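The chain contents come next:
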Amino acid sequence: MRRVAIQGEMGSFHDIAAHEYFRSEQIQLICCSTFEEVFENIKRDSTVIGMLAIENTIAGSLLHNYDLMRSSGTTIVGEHKLHIQHCICCLPDDDWATVTEVHSHPVALMQCRGFLANHPDMKAVEAEDTAGAAQYISSHGCRGWAAICHPDAARMYGLKVLEDHIEDNKHNFTRFLVVSNPRKADFLRPLEKSDKASLVFSLPHAEGSLSKVLTILSFYDINLTKIQSLPIIGHEWEYLFYVDVTFSSLTRYRQSIDAIIPLTSELKILGEYQE
């Protein structure tokens, strides 16, 4: 049985992503309040696997998770893209006429701005988790409160779905990363089948330094799928570059890494895995 640490409650999008990724296996969830707690569980027990959101097609990147991942010493062993579907739900005795507040994670509220704009009488209240908001309303019998969450979470906590598919963009996806202790990585993914890698590096503060790295990657037929820059705290105008690349030849990819190392500072491979 896989032990998977997630941020959020049962029924959260992290829960759904974990069950989809490990669909053919039994998993035991470790529900955490924060992403920091996810990495703490992996540090305490090397058999624990972490599932964490890293970017959303609407809300963009979860920048804090990049920093947590880099400093945690974990390795990325896989990824999963989940279609995000939101509903509004409440206690069975409530209805449109009685709901005055809607609770959810701030990202979920942002993803349903159009729906909320059409219901100005409902006060939007931020919560730590989508499923956690549903669980709280159910366990505390909060009359007049509603939650925005996945419909599976609404059913799990016995709430009534007032309306489904309330997200603004019906093509909304979140990308999740699967991380583990590096010593356990080979048991979770066959390295020889890897066709994607995540890297982080800094560059000298010199003209054309990033362009040189990108040129070398292109020469080795390495496809750049994402680049995210974050400032290095305490070093003005210096940045860490988080890069995702895909490749068809593991050998060519390894050669490209050897070629760019002299041009970078503190290059670190965050993970090699299947796209």
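Residues numbered from 1 in each chain as written. Predicted model: local features only at pLDDT ≥ 70, side-chain atom pairs only at ≥ 80, totals over all residues. Heavy atoms only, no water.

A.B. asks: I keep staring at the layout of surface pockets and nothing clicks. Help me out?
C.D. replies: Gaps left between atoms are located by rolling a probe of water-molecule size over the structure's atoms. In this structure, the largest pocket spans a volume of roughly 320 Å³. Forming the walls of the largest pocket are 18 residues, and the residues nearest its centre are Phe 13, His 14, Ala 53, His 105 and Val 107. Secondary structure elements with two or more residues in the lining of the largest pocket: α1 (13-21), β3 (49-56), α4 (106-111) and β11 (173-180). Per element, the largest residue contribution to the lining of the largest pocket is 3 residues, and it comes from α4. Across the lining of the largest pocket, the residue classes break down as 8 nonpolar, 9 polar and 1 charged. The calculated volume of the second largest pocket comes to roughly 240 Å³. The biggest single contributor to the lining of the second largest pocket is helix α6 (residues 130-140), with 4 residues. Tallied by class, residues from the lining of the second largest pocket come to 6 nonpolar, 5 polar and 3 charged. (1 Å grid on protein atoms, 1.4 Å probe; cavity = no way out; pocket = protein on both sides within 12 Å on 5 of 7 lines; lining within 4 Å. Points joined across faces, edges and corners; volume = space filled by probe spheres on them. Helix = DSSP H or I, 4+ residues; strand = E, 2+ residues; numbered from the N terminus. Nonpolar A, V, L, I, M, F, W, Y, C, P; charged D, E, K, R; others polar.)

A.B. asks: Is there a simple way to think about the nonpolar core in this case?
C.D. replies: Burial of nonpolar side chains together is a common tendency in soluble globular proteins. Ranked by internal contacts, the top residues of the largest apolar core, which has 22 residues, are Phe 39, Met 69, Ile 76, Leu 177, Val 179 and Tyr 242. Those elements that provide at least two residues to this core are β2 (27-32), α2 (35-44), β3, α3 (63-72), β11, β14 (239-246) and β15 (265-273). At 4 residues, the largest contribution of residues to this core is made by α2. Here Phe 39 is in contact with Leu 52, Leu 68, Met 69, Ser 72, Thr 74 and Val 179, once residues within four sequence places are set aside. (Core = buried A, V, L, I, M, F, W, Y, C linked by side-chain atoms within 4.5 Å. Buried < 20%, exposed > 50% of the residue type's maximum accessible area, 1.4 Å probe, protein only. Contact = heavy atoms within 4.5 Å.)

A.B. asks: What am I meant to see in α6 here?
C.D. replies: Residue pairs spaced three or four apart in an α-helix point in one direction, given the helix's 3.6 residues per turn. Looking at α6, one finds that the buried residues are Thr 130, Ala 131, Gly 132, Ala 133, Ala 134 and Ile 137. Summarising the contacts, the buried residues of α6 are in contact with α1, β7 (101-104), α4, β9 (145-149) and α7 (151-156). Measuring from the backbone nitrogen of Ala 131 back to the side-chain oxygen at the start of α6 gives 3.4 Å, which picks out Asp 129 as the cap. The first or second residue beyond α6 is Gly 141, which carries a positive phi of 55 degrees. (Polar contact = N/O pair within 3.5 Å; in protein donor to acceptor, adjacent residues only side chain to side chain.)

A.B. asks: I'm lost on unusual backbone geometry in this one. Help?
C.D. replies: Glycine aside, the phi torsion of most residues is negative, and most peptide linkages are trans. Located in the positive-phi region is His 165, a residue other than glycine, with phi close to 55 degrees. Within the fold, His 165 resides in the loop between β10 (160-164) and β11. Given a relative accessible area of 41%, His 165 falls into the partly exposed group. The phi dihedral of Glu 266 is positive, around 55 degrees, even though this residue is not glycine. Looking at where Glu 266 falls in the secondary structure, it is placed in strand β15.

A.B. asks: Mind showing me how you'd approach the sheet that holds strand β6 (residues 87-90) here?
C.D. replies: Paired through backbone hydrogen bonds, the strands of a sheet run either parallel or antiparallel to each other. Spatially, β8-β7-β9-β6-β10 is the arrangement adopted by the 5 strands of the open sheet, whose pairing is mixed. Both outer strands of the open sheet, β8 (123-126) and β10, are each paired with one neighbouring strand and no more. With direction set aside, neighbouring strand axes in the sheet form an average angle of 30 degrees. Pairing of β7 with β9 involves 3 bridges; the strand directions are parallel. For Val 102, the partnering residue across the bridge sits in β9 and is Ala 146. Packing of α6 onto the sheet brings it into contact with β7 and β9, and relative to β9 it is tilted by some 150 degrees. (Pairing = 2+ DSSP bridges. Axes fitted to C-alpha atoms, helices over the stretch in contact; angles between N-to-C directions.)

A.B. asks: Help me understand the side chain of Arg 189, please; the structure alone is not making it clear to me.
C.D. replies: Here Arg 189 is to be found in the loop between α8 (185-188) and β12 (196-202). Residue classification places Arg 189 among the buried positions, given a relative accessible area of 10%. Only 2.6 Å separates the side chain of Arg 189 from the backbone oxygen of Glu 272, close enough to count as a polar contact. For Arg 189, the contacting residues outside a window of four places in its chain are Thr 75, Val 77, Ser 194, Glu 272 and Tyr 273.

A.B. asks: It is not clear to me how the side chain of Ser 256 should be interpreted in this structure. Could you clarify?
C.D. replies: As for its placement among the helices and strands, Ser 256 is situated in helix α10 (residues 250-260). Within the structure, Ser 256 has its side chain in polar contact with the backbone oxygen of Tyr 253 (distance 2.6 Å). If near-sequence neighbours (up to four positions away) are discounted, Ser 256 is found in contact with Ile 216, Leu 217, Tyr 220 and Ile 222.

A.B. asks: Looking at this structure, I do not really get empty space enclosed by the protein. What am I missing?
C.D. replies: Inspection of the entire model under this criterion finds 1 cavity of 30 Å³ or more. Put simply, the largest cavity is a space of about 50 Å³. Forming the walls of the largest cavity are Ile 54, Tyr 66, Met 69, Ile 76, Arg 175, Leu 177, Ser 198, Leu 199, Tyr 242, Val 243, Asp 244 and Leu 270. The biggest single contributor to the lining of the largest cavity is β14, with 3 residues. In terms of residue class, the lining of the largest cavity is built from 9 nonpolar, 1 polar and 2 charged.

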